[in-house]
Amino acid sequence: MKKIKYGYISPINYLHLIPEDQTFHLVLTHYLKNQTYLDFYKRKQERGDTIICDNMAFELKKSLPAEELISVVEASGLNPTYVVAPDYPYKDWKVTWDSTLAFIEEVKDKPYKVMAVPQSIEGDWTGWLRGYQLMANHPDIAVIGMSIIGIPNAFCKL
């Protein structure tokens with residue numbers, strides 16, 4: 001079984017509260033446009049920390065589109081370990097699955113790996129599990145994220 005890791009997500013003004021020994025970071029991609037935020041995570045990257053650029057589906061109530069994710073990451077100069085493929089909370093599980101497959105194709109020559117996040121419509125735990133199973137068995141998906149939206153949404157009726 002793989003180890004579960006926790007990554008802090010911090011507003012720009014509270015980056016100083018992230019423990020110095022924290023080496024696993026979930027970065028809000030849209031905030032990479034802020035120099036303070038970018039510099040903070042570039043220092044973490046330089047020391048060898050794991051950096052995940054998130055698609056911000058939770059914060060924005062929708063995922064950044066693949067093109068914007070890729071563009072912001074490339075423009076920032078940050079070299080993340082992973083980038084989270086666009087996912088679609090509250091939509092059929094297959095929407096996220098298809099989006100993840102398309103994202104894999106778009107970034108296949110990029111230096112980072114793909115993180116995927118299963119989602120489904122409310123109460124569709126079987127769809128969520130199907131998406132999870134496909135992601136877990138896909139050779140180009142390096143990490144699966146457990147969404148604060150997706151899990152309660154899918155399993156709410158059990």
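Read on for a plain summary of the structure.

Parameters at a glance
- Residues numbered from 1 in each chain as written.
- Predicted model: local features only at pLDDT ≥ 70, side-chain atom pairs only at ≥ 80, totals over all residues.
- Heavy atoms only, no water.
- Patch = residues over 30% accessible without salt bridge, like charges linked within 9 Å, V, L, I, M, F, W, Y side chains within 5 Å.
- Areas by Shrake-Rupley, 256 points an atom, 1.4 Å probe, with all protein chains shown as cover.
- Salt bridge = Lys/Arg side-chain N within 4 Å of Asp/Glu carboxyl O.
- Helix = DSSP H or I, 4+ residues; strand = E, 2+ residues; numbered from the N terminus.
- Buried < 20%, exposed > 50% of the residue type's maximum accessible area, 1.4 Å probe, protein only.
- Contact = heavy atoms within 4.5 Å.
- Core = buried A, V, L, I, M, F, W, Y, C linked by side-chain atoms within 4.5 Å.

1. Observations concerning a nonpolar patch on the surface
A cluster of nonpolar side chains, W125, L129 and L158, forms an exposed patch at the surface whose accessible area comes to about 290 Å². Summarising the element assignment, L158 is placed in the segment after α6 (150-155). Judged by relative accessible area, which is 67%, L158 ranks as exposed.

2. Some thoughts on the environment of I18
With respect to the helices, strands and loops of the structure, I18 is situated in the segment before β1 (24-28). In the structure, I18 is positioned 54 residues away from V72 in sequence and 23 Å away in space, judged by C-alpha atoms. What I18 contacts, discounting residues up to four positions off in sequence, is Y8, S10, H25, F40 and Y41.

3. Concerning the nonpolar core
Judged by nonpolar contacts, the single largest core of 31 residues is most densely connected at L32, Y37, Y41, L78, V83 and F103. Contributions of two or more residues to this core are made by β1, α1 (35-46), β2 (50-54), α3 (66-76), α4 (93-106) and β4 (113-116). The next biggest cluster of nonpolar side chains, apart from the first, holds 7 residues, and it includes F24, L26, I52 and M115.

Read these as layout, nothing more, since geometry by itself doesn't imply function.
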